[in-house]
Amino acid sequence: MSFYTSLTGLNSATAQLAVTSNNIANVGTSGFKRSRADFGDIFSTSPLQKSSSNIGQGVSLKQVSQEFSQGNISTSGNSLDLAITGDGFFPLKTPDGLQDIYTRNGSFTLNDQNNVVNSTGQRLMAASVDSSGKADLTDLNALTIPPKTSGEAVETTKIQLGLNLPADSTVLSADDFDRSNPSTYNKSTALTVYDSGGNGYLATVYYVKTQNASQEQTPPSSKWQTFFFVGDTQVKPALQQATDKVGGALFVNKYGDVLPKSDSRVVPSSGTTEMFTLDQLTDVRRSSPATALGTELNRTTTFINGILANGMSAAVAATGTTAAIPARPIPLPAGTNLSFSIKVDGAPSTPQTITYTTRAGDDDPDVLARNVGIAINNALGSLQDTGTPPVKNARFGINVTFDPETAKFSIASGTTGDMSSIEVATTDANTIRYMGLSGAGLKVDTSPSDALRGKKSEPAVLRGEPMTINTSKTINTSSSNKDFFVSVDGFAFKVEMPFPVPHANIDSFAKALQDNINGKVDPVSLRVVSGVTVKFDPDTKQLVFTTGTTGDNSAIQVTNASTDWGLANTEMQFGSTSEWKKLTQFTENGALQYVKNGVQTEDATGLSTQTEWWPVYLDRGELSFDLTGKPISPLTGMPFETAFLAGGKGALTMSIDFTKSTQYSSAFAVLSQSQDGAPEGELMGLNINPDGLVNATYSNGSQISLGKIVLANFSSPSGLRQVGDASYLASATSGIAKIGEAGSAGFGSIRAGATERANVDLTQELVDLITAQRNFQANAKAIETSSTMTSAIINIRS
């Protein structure tokens, strides 16, 4: 029996040698786990035998198990090399997809299908992820690294060009533009744009300077015309509504006032409208009053006091041109009564009768016109308010003139604009004879719809300095502050306020001062001052004086030596005659243009008759700059019509933003250039996080999460069945695989660009090798001894 017992020892020593040799042989195998031979003694007995006297029968190999201790980490230059720090295995699928394999060997590469595989073609499994990187552990697929994006191409819709266009560039004609002839344009820029499939096209923009800034322009501006090509196809600029600096669409009314849509006065139009452009708002006109025009007087060469009635001297008449000179019909005797009725701006409700008795000097038609005007203003300026609520009847600033060229008198309302009106009527023979006040021209109505005379003009307004007296108490005048020196529309006079007179409050004082100003009479012209208002502004503590007349000829100044009233240092203030712009409808090829649903057309069907505010457009493709070189228009992206690509590859609809462009005296320069399109991206980099999240970076700027590498673990890893290549299969002993994210409980983390070396300790293995060798030698000696003893027993007989 001892022979067979020793034989089992030899077999065990041989097995241990084999296991140790295998460990040593795989010391360089990534992810290899050291094997260990487990032995057990052989002992057998029967129920009738005495166990204490039984002898063991040798040793047997129970199992060869793996030690899954952590191996050292070795870095590499391959981003797909992966190492697990801690517990877990990489889950793999066989190429046929039928069997699950598990390994710690993280040496991976890409196959021809861009799957991440190991050296035997087994594919690494990863969980799908959402946009936040959260993994779906129920959805495992082979990890794929696409070499380029798919469906990530972005069509170009917006281009941004920040340029400096030289201010001293030569002005050229846009009509002569020829892209093949560089002398027909000033500058050009080029960039690549992309269609929805990621295909690139060369886009070129040409710039032609068409206008330098000049004083005749309002406002002065330099203009450049752009021409846009995609490949060899010219793309025409689209219709573009003008905007303000914050992008608000601009609208224009009949007076050429341009306001953004956000302004409460703007009521955008609807339906078909006339087309107006910003560049055409150049016909600036002064607002005018409603003017009643008399009939032409009889022409004569009669001299009156040596002066022709038209104001020319006899010496001029002697040149022989007197027949063409308009003159008064006959001398106008002093003391002649002229009578007519007048209504201005709808008041008074019953026309006011004016009677004027001529005086010496009225033979001069200009003098007569001035004196009749004074009579009208004195009468209308004194009218009182009527009705409830009060209706103002007083009118101011009516102007009577005589035109020697046409030999006609005219009477103009004191206000300008289309809401002014005038009506003059008379049956007086003298008035008709000497002033021609007859005919249909004596009535001019308001024009609520058409722009004919413009807008209302502004009066002269004088604001004093803040008052130094206490305005919340009774106001008292004294000898030191009672004198006010006033000038209204060229008539200067002194107002002396009564003193000492207490006024209940500042408003009552302002009313008393107003009453003392109005009613003053010019001793020369007999003009009566009227219409001046005096108000107190409680916010600024200032007295505010406003004339009843309006326009450039209105003027007012009030001074007082005392600082009490804030009038010690005032300056003459003037009114202003308003200006307006005559709208001219845009034409193209001689045809009037309209806009219907944002599209330019010659079709006027559905033209709105209720429009008060029209969209105002820019000239197509035009850039304009002010005198400082800053852009005037467009202030948003310049849209272009759809560009249809050659070969039926689709179409591009783009806009170009020139708002960062300038026009300085420096050289042409591209300050900034970008576009929002992108081609399909080529793989530029791969990043694998410790939690297994795989992020790919592409040349088009896309960053895509491709998946999350997961780990598998087992209840008893030592129960896994080896299949070679440092790979394992699950078994009943190991239990089923539990899938989890790297770094979570029970799972290690992943380190990219590194592999796990074998956990074989060569020193230990060499010791084990010596031990196995000695075990083998000892068992061999036992067999030799057993053989010698057997031989001795056999030789006893002999």
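The rules behind each value
- Residues numbered from 1 in each chain as written.
- Predicted model: local features only at pLDDT ≥ 70, side-chain atom pairs only at ≥ 80, totals over all residues.
- Heavy atoms only, no water.
- Helix = DSSP H or I, 4+ residues; strand = E, 2+ residues; numbered from the N terminus.
- Rg over C-alpha atoms; globule rule 2.2 N^0.38 Å.
- Contact = heavy atoms within 4.5 Å.
- Areas by Shrake-Rupley, 256 points an atom, 1.4 Å probe, with all protein chains shown as cover.
- Lys, Arg positive; Asp, Glu negative; His and termini not counted.
- Charge placed at Lys NZ, Arg CZ, Asp CG, Glu CD.
- pLDDT = per-residue confidence, 0-100.
- 1 Å grid on protein atoms, 1.4 Å probe; cavity = no way out; pocket = protein on both sides within 12 Å on 5 of 7 lines; lining within 4 Å.
- Points joined across faces, edges and corners; volume = space filled by probe spheres on them.
- Nonpolar A, V, L, I, M, F, W, Y, C, P; charged D, E, K, R; others polar.
- Buried < 20%, exposed > 50% of the residue type's maximum accessible area, 1.4 Å probe, protein only.
- Pairing = 2+ DSSP bridges.
- Expected span 1.5 Å × (residues − 1).
- Polar contact = N/O pair within 3.5 Å; in protein donor to acceptor, adjacent residues only side chain to side chain.
- Core = buried A, V, L, I, M, F, W, Y, C linked by side-chain atoms within 4.5 Å.
- Salt bridge = Lys/Arg side-chain N within 4 Å of Asp/Glu carboxyl O.
- Axes fitted to C-alpha atoms, helices over the stretch in contact; angles between N-to-C directions.

Of regular secondary structure, the protein possesses six helices and 59 strands. A compact globule built from 798 residues would reach a C-alpha radius of gyration of about 28 Å, whereas the protein, at 53 Å, exceeds it by more than 25%. When its C-alpha atoms are laid out on the principal axes, the protein stretches across 195 × 75 × 50 Å. Counting contacts in the protein only where the partners sit at least 6 residues apart, residues at least 24 apart contribute 65% of the total. A total of about 39500 Å² of accessible surface is found on the protein, and carbon and sulfur atoms cover 51% of it. Where the 59 positive side-chain charges of the protein centre and where its 74 negative ones centre are 5 Å apart.

Further remarks concern the confidence of the model for the protein. Caution applies to low-pLDDT parts of the model: their predicted coordinates are not meant to be read in detail. Confidence in the prediction for the protein averages 89 pLDDT; 94% of positions are at 70 or higher. Contacts for the low-pLDDT stretch residues 301–329, under 50 throughout, to residues beyond four places or in other chains number 45 contacts.

Let's shift gears to the layout of surface pockets. One simple way to see leftover space: roll a probe sized like a water molecule over the atoms. Here the largest pocket defines a volume of roughly 1100 Å³. Around the largest pocket, the lining is made up of 48 residues, and of these Lys 392, Ala 394, Phe 396, Gly 531 and Gly 548 lie nearest the centre. Of all the secondary-structure elements, those providing two or more residues to the lining of the largest pocket are helix H3 (365–380), strand E27 (408–416), helix H5 (506–517), strand E35 (533–537) and strand E36 (542–550). Tallying contributions element by element places E36 first for the lining of the largest pocket, with five residues. When its residues are assigned to classes, the lining of the largest pocket shows 14 nonpolar, 23 polar and eleven charged. Here the second largest pocket defines a volume of roughly 860 Å³.

Here the focus is the pairing of strand E28 (residues 422–425). Here E28 shows a clear split, with Ile 422 and Val 424 buried on one side and none of Glu 423 and Ala 425 buried on the other. As paired elements, strand E24 (residues 337–344) and E28 share four bridges and run antiparallel to each other. Looking at E28, one finds that Val 344 is bridged to Ile 422. Pairing geometry for E28 and strand E29 (residues 443–444), over two bridges, is antiparallel. Paired with Glu 423 across the bridge in E29 is Lys 443.

Taking 1.5 Å as the rise per residue, H3 with 16 residues should run 22 Å; its terminal C-alpha atoms sit 22 Å apart, in good agreement. Extensive coverage of H3 is indicated by the burial of 13 of its 16 residues. The backbone nitrogen of Asp 366 has a side-chain oxygen 3.0 Å away, supplied by the residue at the start of H3, namely Asp 364.

Spatial strand order, E17-E16-E44-E19: four strands in an open sheet with mixed pairing. A strand with exactly one partner marks an edge of an open sheet, and here the two such strands are strand E17 (258–260) and strand E19 (276–277). In this sheet, E17 lies alongside strand E16 (residues 250–252) in antiparallel orientation, the contact comprising three bridges. From the neighbouring strand, Leu 250 faces E17, where its bridge partner is Pro 260.

Attention now goes to the nonpolar core. Most often, soluble globular proteins have nonpolar side chains that are buried together. One finds Phe 340, Ile 342, Ile 376, Ile 411, Ile 422 and Val 424 to be the most contacted residues of the largest nonpolar core, which totals 31 residues. Those elements giving two or more residues to this core turn out to be strand E21 (289–293), E24, strand E25 (347–357), H3, strand E26 (399–403), E27, E28 and helix H4 (429–435). No other element matches the seven residues that H3 contributes to this core. Not counting residues up to four positions away in its chain, the partners in contact with Ile 376 are Phe 340, Ile 342, Ile 354, Ile 398, Val 400 and Ile 411. Grouped together as the second largest cluster of nonpolar side chains are 27 residues, Leu 462, Met 467, Val 488 and Ile 517 included.

Okay, the pattern of salt bridges next. Counted according to the given criterion, the structure contains 25 salt bridges. Lys 223 serves as the salt-bridge partner of Glu 622, at 3.5 Å between the closest nitrogen and oxygen. Of this pair, Glu 622 sits in strand E45 (residues 622–625) while Lys 223 is found in strand E14 (residues 222–230), placing the two residues 399 residues apart along the sequence. For Lys 708, the salt bridge goes to Glu 741, with nearest N and O atoms at 2.9 Å. Pair noted here: Lys 708 is in strand E54 (residues 703–713) and Glu 741 is in strand E57 (residues 738–741), with a separation of 33 residues, a long-range link. With a relative accessible area of 4%, Lys 708 lands in the buried category. For Glu 741, a relative accessible area of 25% gives the class partly exposed. Salt bridges sharing common partners tie together Arg 34, Arg 36, Asp 38, Glu 67, Glu 765 and Asp 768.

Strand order in the open sheet formed by three strands is E30-E36-E35, and the pairing between neighbours is antiparallel. Of all strands in the sheet, those with a lone pairing partner are strand E30 (459–463) and E35, marking the two edges. The mean angle between the axes of side-by-side strands here comes to 20°, regardless of whether they run parallel or antiparallel. Two elements, E35 and E36, share five bridges in a ladder whose sense is antiparallel. Pairing of Thr 533 across the sheet is with Thr 546, part of E36. Relative to the sheet, H5 contacts E35 and E36, its axis offset from that of E35 by approximately 160°.

Across its 35 residues, helix H6 (residues 762–796) extends 51 Å between first and last C-alpha, which sits within 8% of the 51 Å expected from 1.5 Å per residue. The set of residues buried in H6 consists of Glu 765, Asp 768, Ala 772, Asn 779, Ile 783 and Ser 786.

Once that is clear, we can look at the side chain of Thr 358. Mapped onto the secondary structure, Thr 358 falls in the loop between E25 and H3. Looking at Thr 358, the relative accessible area reads 4%, which means it is buried. Reaching out from Thr 358, the side chain makes a polar contact with the backbone oxygen of Pro 333 at a distance of 2.8 Å. Those residues within four positions of Thr 358 in sequence are excluded, and the remaining contacts are Leu 332, Pro 333, Ala 334, Gly 335, Thr 336, Leu 338 and Leu 368.

All told, the structure shown has one cavity of 30 Å³ or more when counted by the stated rule. Roughly 50 Å³ of volume is contained in the largest cavity. As for the largest cavity, its lining consists of Pro 237, Ala 238, Gln 240, Leu 618, Asp 619, Arg 620, Gly 621, Glu 622, Met 638 and Pro 639. Grouping the amino acids of the lining of the largest cavity by side-chain chemistry returns five nonpolar, two polar and three charged.

The next point concerns the environment of Lys 494. Residue position: Lys 494 is located in strand E33 (residues 491–496). Separated by eleven residues in the primary sequence, Lys 494 and Asp 483 place their C-alpha atoms 7.0 Å from one another. Setting aside residues no more than four positions away along its own chain, Lys 494 makes contact with Asp 483, Phe 484, Phe 485 and Lys 520.

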